[in-house]
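# Overview (structure and organization)
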Amino acid sequence: MAKQLPPLFREKMIDLLGKEEFEQFLASYDEPRVYGLRVNTGKVERAEFLEKSPFHLTPIPWVSDGFYYQEGERPGKHPYYHAGLYYIQEPSAMAPVELLEIKPGERVLDLCAAPGGKSTQIAAKLQGEGVLVVNDIHSDRVKALVKNLELLGVRNAVVLNEKPERMLIAFQGYFDKILIDAPCSGEGMFRKEEEMMGQWERHSVQEFAAMQRELLAQAAVMLAPEGRIVYSTCTFSPEENEAQIAEFLDKHSAFDVVPIDGFSPGRSDWLREPWCEADAYSARARDAVAGTARLWPHKLRGEGHFLAVLGLGVEERVSAGASASESASESASASARESAGAAGFVAAAGKRSGRPALRGKGRAEAPPSTGVSLEPLEAFSGELLRSEPFALRRLVCYGEHAYASPAGLPELHGLKVVRPGWYIGALHRGRFEPSHALAMGLRLREAKRALSLASSDERALRYLKGETLEVAESEILRDPEETKAAKGYCLVCIDDHPVGWGKWLNGMLKNEYPPGWRWT
């Protein structure tokens, strides 16, 4: 593969690394790529997963829940994948979220989120608490983002399909942590995805650098005092890495680089011609970029990445202008008033079609009370759920679709909202139809009526293929005092982990597994 590298890329890397290290770097392209998965600790504890895992796993040093698996193993073709117990992810790509140092209850933004690997990693660290806002500007990529959040059972995420500059007023100074996994020239992915080489030759590094510069400035406005931004790319170009951080520091004196240990340091000596303007950066900025990090494919088992951690001072806030500050303050006050009175269900009147907000057709509307009846949802909750897992969230309806929004969310009026929270289901003609997202976000202990199939039971695979199953009433798990027949919806699990819904009647389980998710 090394022979296929673009000639201009080879010349650039020789200049940056020198001939001796370049030969080591080049040799890594002829080594087999490595494969990784990350345990979804939002659904299963690490130790429990390791006990039941059928794969040969070895730990990834920089992430506690990440593991290498062997080439030839197919974790995407196992029932546990469909239960959302892990996410298949390139090992180096797991590093940025680790550096955010997320704590449950924090407000976190994934600014360039699709397809959602890092979003689900953030969600696992939040443990269902706090607020996760995930955004991607590309509408065609948001569908995969939503599916991955649903698959891994994320309850507290809001999905946006918006230009970052449109988010500044609603979210000024709002987030404790922000991840910018920036669009980049992708040089670090050449070994994993050879088609990236063709894209590299068609798109200029300068094109990506301009986008990255804007993303950093926009993220700074949305960060709360004492907050942290992690900036990452999967490229080697100093124009997209050290130069971006140095320029940001010179324009934002309230920020400092938080030094990263355990990886190769950033290269301040690469802030030079012909890649960067030699005299464009202050001594402070030049010194600081040595605290950033580079992940090299010839130095560790993973692809190429760049990482930087930016910390904001205790009393500092980056202003987006007086009008933005006033609007942000008004939004915060409105949010506080809504949260104070949001103990029960709230119906909202967004002008939507009869489809879920997945398609992102339109922008969020202010939520006045409407005539939408939530009685079917309340009846379903009383019959099927031991507790209301969305009781502390604000339930809203857009059209016939019900969502549980995280508490403390500011007004999103005017933003393109794909999902305003956990999608609960549809209120249709006087009945409630639970969503697949609701099933995936639940735990077995939260369901009053469930079926748990062993992964070794041939019916588990048949369920994932969408087949109707023969199930004895005695197999349906119910409260001991329950005397009614088990007919109706039940939560279907594999080894006690939810995978979807079924409807049981007279010994038969009608399959409610979504067609687009089925095992093929």
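Scoring rules and cut-offs
Residues numbered from 1 in each chain as written. Predicted model: local features only at pLDDT ≥ 70, side-chain atom pairs only at ≥ 80, totals over all residues. Heavy atoms only, no water. Pairing = 2+ DSSP bridges. Helix = DSSP H or I, 4+ residues; strand = E, 2+ residues; numbered from the N terminus. Axes fitted to C-alpha atoms, helices over the stretch in contact; angles between N-to-C directions. pLDDT = per-residue confidence, 0-100. Contact = heavy atoms within 4.5 Å. Core = buried A, V, L, I, M, F, W, Y, C linked by side-chain atoms within 4.5 Å. Buried < 20%, exposed > 50% of the residue type's maximum accessible area, 1.4 Å probe, protein only. Phe/Tyr/Trp six-rings, centres within 6.5 Å; stacked < 30°, edge-to-face > 60°. Parallel < 35°, antiparallel > 145°, perpendicular 65-115°, else oblique. Left-handed = near helix turned anticlockwise from the far one by under 90°. Nonpolar A, V, L, I, M, F, W, Y, C, P; charged D, E, K, R; others polar. Lys, Arg positive; Asp, Glu negative; His and termini not counted. Salt bridge = Lys/Arg side-chain N within 4 Å of Asp/Glu carboxyl O. Polar contact = N/O pair within 3.5 Å; in protein donor to acceptor, adjacent residues only side chain to side chain.

Bringing the sheet that holds strand β2 (residues 57-59) into the picture now. If you walk across this open sheet you meet the 4 strands as β2-β3-β1-β4, and the pairing is antiparallel. In this open sheet, the two edge strands, each paired with only one partner strand, are β2 and β4 (86-88). Across this sheet, the average inter-strand angle for adjacent strands is 35°, counted without regard to direction. Across 3 bridges, β2 lies against strand β3 (residues 66-69) in antiparallel orientation. The residue bridging Leu57 from the neighbouring strand is Tyr69, located in β3.

The next thing to look at is the confidence of the model for the protein. On average, residues of the protein carry a pLDDT of 88, and 88% of them reach 70 or more. Note on residues 321-369: pLDDT under 50 across the span, and 96 contacts to partners over four residues away in sequence or across chains.

Another aspect to go through is the nonpolar core. Judged by nonpolar contacts, the single largest core of 46 residues is most densely connected at Phe171 and Ile180. Here the element with the most residues in this core is helix α9 (residues 205-222); it accounts for 6 residues. The contact partners of Ile180, leaving out residues within four places of it in the chain, are Leu111, Leu215, Leu216, Ala219, Ile229, Val230, Tyr231 and Ser232. Formed by 36 residues, the second largest nonpolar core is a distinct cluster that contains Val97, Leu99, Val142 and Ala157.

For strand β22 (residues 488-494), a buried count of 6 out of 7 residues is recorded, marking the element as mostly surrounded by other parts of the structure. Bridge count between strand β19 (residues 449-453) and β22: 4 bridges; the pairing is parallel. Residue Ala450 lies in a different strand from β22, and its bridge partner there is Leu491. In this sheet, strand β23 (residues 497-505) lies alongside β22 in antiparallel orientation, the contact comprising 7 bridges. Its bridge partner lying in β23, Gly488 is registered against Trp504. Linkage of β22 to β23, two consecutive antiparallel strands, is achieved through a turn of 2 residues, within which Asp495 is found at a positive phi near 50°.

Inspection of every chain in the model, using the stated rule, returns 29 aromatic pairs. Centroid distance Phe9 to Trp200: 5.8 Å. Interplanar angle 75°. Geometry classified as edge-to-face. Of this pair, Phe9 sits in helix α1 (residues 7-17) while Trp200 is found in helix α8 (residues 195-202), placing the two residues 191 residues apart along the sequence. For Phe9, a relative accessible area of 0% puts it in the buried group. Its relative accessible area of 12% is what places Trp200 among the buried residues. Between the aromatic rings of Phe248 and Phe255, the centroid separation amounts to 5.0 Å while the plane-to-plane angle is 70°, which identifies the pairing as edge-to-face.

With respect to the secondary-structure elements, Asn148 resides in helix α7 (residues 139-151). Classification of Asn148 by relative accessible area gives buried; the value is 11%. When sequence neighbours within four positions are dropped, the list of residues in contact with Asn148 reads Tyr87, Pro115 and Thr120.

Here we come to the packing of α9 against helix α10 (residues 242-251). Where α9 meets α10, the closest approach of the two axes is 10 Å, and the angle between their N-to-C directions is 40°. Of the possible angle classes, the one that applies to α9 and α10 is oblique. The handedness of the crossing between α9 and α10 is right-handed. Together, Ala209, Gln212, Arg213, Leu216, Ala217 and Ala220 of α9 and Gln244, Glu247, Phe248 and Lys251 of α10 make up the contact between the two elements. Looking at the contact of α9 with α10, its residues break down into 5 nonpolar, 2 polar and 3 charged.

Assignment of secondary structure puts Glu73 in the loop between β3 and α4 (79-82). No salt bridge is formed by the buried Glu73; its nearest oppositely charged neighbour, Arg301, is found at 9.9 Å. Polar side-chain contacts of Glu73 include one of 2.9 Å to the backbone nitrogen of His56. Within the structure, Glu73 has its side chain in polar contact with the backbone nitrogen of Gln70 (distance 2.9 Å).

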